[in-house]
Amino acid sequence: KASNPCSEYMFLDDTACNLASLNLMKFRTVDGEFDVESFEHATRIWTVVLEISVLMAQFPSKEIAQRSYDFRTLGLGFANIGALIMSCGYSYDSDEGRALCGAISALMTGIAYKTSAEMASELGAFPKYHQNRSPMLQVIHNHRTAAWGKSYYRGLHTPPAPLDIDNCPFKNISTAAGRAWDIALAIGEKHGFRNAQTTVIAPTGTIGLVMDCDTTGIEPDFALVKFKKLAGGGYFKIINRMVPEALKTLGYTPKQIGEISSYAVGHGNLKRAPFINHETLKAKGFATAQIDQIEAAIEGAFDITFAFNRWTLGNDFCTEVLGFTGDQISDPGFNMLKELGFTKEHIEAANEHCAGTFTLEGAPHLKEEHLPVFDCANPCGKKGKRFLNAKSHLYMMAAAQPFISGAISKTINMPASATVEDCMEAYNLSWRLGLKANALYRDSSKLSQPLNAVILEEEEIEALPLLEKTKAVAEHIIDNIVSEKSNVARRRKLPTRRKGYTQKASVGGHKVYLRSGEYDDGTLGEIFIDMHKEGAAFRSLMNNFAIALSIGLQYGVPLDEYVDAFTFTRFEPSGQVTGNDAIKMATSVLDYIFRELAVSYLGRTDLAHVVPEDLMPDSVGSGIENIPSEQFIAKTDTALNRVIGLTSTGYVRKSNLYVLKQESIETKETRSLALSEQGQIAVGAENITETTFLESTGKAERISEAKMKGYEGDGCSECGNFTMVRNGTCLKCDTCGSTSGCS
């Protein structure tokens, strides 16, 4: 009925499987061949390992555990097929590339089922095998038929594409695949199979980096040079390492390979760079030590302007030698090279020398007919125009799907110009090709993408077409929000004489005195907690906890964060609360304290047991004086400002005395009006204008900001933060980096 979030696991409800993926480039030999024997051995070993893990796994429910045991599903797959195809000198969108992918898929699943049948001969088939013996053997027969390049399937209305043996670059792979399926079917007919499913193709997104892969899962490369956005801010540069291998396979000389590679990824230094080099920098006041620091920073940068900053050169050198002010070098948008007198053209030319063009289009020596070998899912760099079309992704999946017992997790990249009809056609083609699932991604459909093929400056964004400009501007907005929030917090000290309130209450028979201190605008800045009848240790802990909380508030930590963290904590003393009008029960002293603060300063009546308004007398207006709306607003503003300056926000429980603001005014006709819960300022009249003042606490802005960052509202299972963002079909935590799926 459904799948896991990444869509590679298509099996019965209430089942699960463990995943493992093989890096295909590890089986490519130094002479360019594919090591079939080693691949078969690795597949066999990992099938046994995954089978063992069935009993070692922890499942979220008894039903999932039982059914997973009954069917014993496995999730073996591969990664880096895009790099393997490129290194062999074939395009991802080629018959040879698809045939190679299909042959490897057929061999992997054939060996996995052969191993599963051998285990069944010793340990017995999976518990539900005998109920499903006939349809399962039919499935194995159809896999075997496709592996030999035939099409006489049993019981299928949509025939899948058989293995294209003629176009497979390595005949030994296709031959070994057919042989593996022959043996798997023969042993399976006699002993059954230990596992109902053996293979899937997972996305291997983040784990692919750890596996030393250039491409993930069944994907082509995203771009020859790409930038991965880090959860804590910033990027790191990822370069495809298969370009030299592919050029060598295509017959280029070492010298040509070096020049072509340098065109794409640059020389990594400024020694012979045009316009901006060691000589021109020395003329600007740079010494050898500073130039060495710049060279070290440029090695890992994707733009030389990022290396010219105060962190690389030091504040003293930037201000005393180069003559910049402290405000200049502290500005996140400060471009040191531009301020030193280098033009945009000078910077671009030097940047291409150091960091490269990120594309092979226009590279010296490279033949036009070889360009498709290096096509990626997106245009590469600022100069790149070529990219793989959506159908090439679908045809690659169709080559592998007949030999995968599960499904394939795959992103079908579509340009930003893709229409609804294009998406419909992609899904229709998927169905015709016999695919189980796919995920379409239309470029720029997310405000912030984890991978980018190019980083643009503001001037370059302005010159873009409207559609591309919209995408780039959205990216910059998100980056600026993250950058601003990452600045070092500054402490906002309280006035020496300040207002607040004291609340006496009893929690589970223990008296608690809570005192607050407020800023002039009524926001909370400190608290004091006193439980004088408790022991010295507990009392000291509560005092120091209050100090730590107060310091956090003064450094800008929102009170909401504390409330969400400490409400519903459970420890003694706890129980009935007396002496507080709004709160009647608490699971701990901290639960009571933060309920009280939430009700008093945040208006969080959802955490109260009695809504404060219920305790107030009826506030229907009592006057009959007709006051024009302008005079009424001026009169109430004057009175309110006087009251706000003297009254504690917490004491009046965040009433209209605080939240009334003249900037946000809506008017409507009414019969009467009351502006104060206790009637301090209450004016009513027949058919006068009612003035409603809106709250401006910044909560709406924070919600909007969270949406712009892509937060979905789900909590992270690892760290508990509500910073989960969409990552393909899974969710990824921007705080700790963990995912909800298998990417």
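A short tour of the structure in this document, coming up. (Residues numbered from 1 in each chain as written. Predicted model: local features only at pLDDT ≥ 70, side-chain atom pairs only at ≥ 80, totals over all residues. Heavy atoms only, no water.)

1. Considerations on the overall build of the protein
- On a plain count of helices and strands, the protein comes out with 26 helices and 16 strands.
- Taking all 743 residues of the protein together, the buried fraction comes to 48%.
- In the protein, of all internal contacts separated by at least 6 residues, the share reaching a separation of at least 24 is 67%.
- Accessible area for the protein stands at about 36300 Å²; split by element, carbon and sulfur atoms hold 52% of it. (Helix = DSSP H or I, 4+ residues; strand = E, 2+ residues; numbered from the N terminus. Buried < 20%, exposed > 50% of the residue type's maximum accessible area, 1.4 Å probe, protein only. Contact = heavy atoms within 4.5 Å. Areas by Shrake-Rupley, 256 points an atom, 1.4 Å probe, with all protein chains shown as cover.)

2. Here's the deal with the side chain of R604
- Position of R604 relative to the elements: it lies in the loop between α23 (589-602) and α24 (629-646).
- Accessibility expressed as a relative area gives 18% for R604, which makes it buried.

3. Focus: the nonpolar core
- Residues I104 and F374 are the most contacted members of the largest nonpolar core, which totals 94 residues.
- For this core, the leading source of residues is helix α4 (residues 95-123), giving 11 residues.
- When neighbours within four sequence positions are excluded, F374 is seen to be in contact with M86, L224, V243, A246, L247, L250, L360 and L366.
- Formed by 32 residues, the second largest nonpolar core is a distinct cluster that contains L524, F545, I593 and V599. (Core = buried A, V, L, I, M, F, W, Y, C linked by side-chain atoms within 4.5 Å.)

4. A look at the sheet that holds strand β12 (residues 585-586)
- Pairing is antiparallel in the open sheet, where 5 strands are placed in the order β10-β9-β8-β11-β12. The sheet is open, and its two borders are formed by β10 (524-530) and β12, each paired with just one other strand.
- Judged from the 2 bridges that link them, strand β8 (residues 502-507) and strand β11 (residues 575-578) form a sheet pairing that is antiparallel. Looking at β11, one finds that V507 is bridged to V577.
- α23 rests against β8, β9 (510-518), β10, β11 and β12 of the sheet, and its axis sits at about 40° to β9. (Pairing = 2+ DSSP bridges. Axes fitted to C-alpha atoms, helices over the stretch in contact; angles between N-to-C directions.)

5. Things to note about the packing of aromatic side chains
- In total, this model carries 19 aromatic pairs according to the counting rule given.
- For the ring pair F545 and F594, a centre distance of 6.1 Å and an interplane angle of 85° mean the geometry is edge-to-face. Of the two residues, F545 is situated in helix α21 (residues 536-554) and F594 in helix α23; the sequence distance between them amounts to 49 residues.
- Taken together, a centroid distance of 6.5 Å and an interplanar angle of 25° make the contact between Y562 and F594 stacked. Taken together, the residues span a long stretch of sequence, with Y562 in helix α22 (residues 559-566) and F594 in helix α23 at a distance of 32 residues.
- Three or more aromatic residues joined by ring pairs form one cluster here, namely Y9, F11, F71, Y113, F126, Y129, W181 and F193.
- Its guanidinium or amino end placed over the ring of Y519, R492 lies 3.8 Å from that ring's centre, counting from NZ or CZ. (Phe/Tyr/Trp six-rings, centres within 6.5 Å; stacked < 30°, edge-to-face > 60°. Lys NZ or Arg CZ within 6 Å of the ring centre and 35° of its normal.)

6. So, the pattern of salt bridges
- Summed over the entire model, instances satisfying the criterion amount to 20 salt bridges.
- A salt bridge links E219 to K410, with the shortest nitrogen-to-oxygen separation between them at 2.8 Å. Residue E219 is located in the loop between α7 (207-210) and β3 (225-229), and its partner K410 is located in the loop between α17 (390-400) and β5 (411-414); the two are separated by 191 residues in the primary sequence.
- The class of K410 is buried, set by a relative accessible area of 2%.
- Note that D375 and R386 form a salt bridge whose closest N and O atoms lie 2.8 Å from each other. Residue D375 is located in the loop between α16 (344-355) and α17, and its partner R386 is located in the loop between α16 and α17; the two are separated by 11 residues in the primary sequence.
- Owing to a relative accessible area of 11%, D375 belongs among the buried residues under this scheme.
- Beyond isolated ion pairs, a larger network of salt bridges with shared partners links K26, D212, D214 and R241. (Salt bridge = Lys/Arg side-chain N within 4 Å of Asp/Glu carboxyl O.)

7. Concerning unusual backbone geometry
- In the segment running from E572 into P573, the intervening peptide bond is cis, with an omega of 0°.
- Residue position: P573 is located in the loop between α22 and β11.
- Look at F358: it is not a glycine, yet its phi comes out positive at around 70°.
- Tracing the backbone through its elements, the reader meets F358 in the loop between α16 and α17.
- Residue F568 is not a glycine yet carries a positive backbone phi of 70°.
- Mapped onto the elements, F568 comes out in the loop between α22 and β11.
- Look at F568 and you get exposed, because its relative accessible area is 53%.

8. Here we look at a nonpolar patch on the surface
- A grouping of I207, L209, V210 and F236 is seen on the molecular surface, where their side chains present a nonpolar patch of about 350 Å² in accessible area.
- Considering each element in turn, the nonpolar patch owes the most residues, 3 residues, to α7.
- Position of F236 relative to the elements: it lies in strand β4 (residues 235-239). (Patch = residues over 30% accessible without salt bridge, like charges linked within 9 Å, V, L, I, M, F, W, Y side chains within 5 Å.)

9. Concerning the packing of helix α5 (residues 133-147) against helix α6 (residues 171-191)
- Across the interface, α5 lies against α6 with an axial gap of 9 Å and an inter-helix angle of 165°. Of the possible angle classes, the one that applies to α5 and α6 is roughly antiparallel. Taken as a pair, α5 and α6 cross one another with a handedness that is left-handed. Here R133, L137, I140, H141, H143, R144 and A147 of α5 lie close against α6, whose contacting residues are A177, G178, W181, D182, L185, G188 and E189.
- In terms of residue class, the contact of α5 with α6 is made up of 6 nonpolar, 4 polar and 4 charged. (Parallel < 35°, antiparallel > 145°, perpendicular 65-115°, else oblique. Left-handed = near helix turned anticlockwise from the far one by under 90°. Nonpolar A, V, L, I, M, F, W, Y, C, P; charged D, E, K, R; others polar.)

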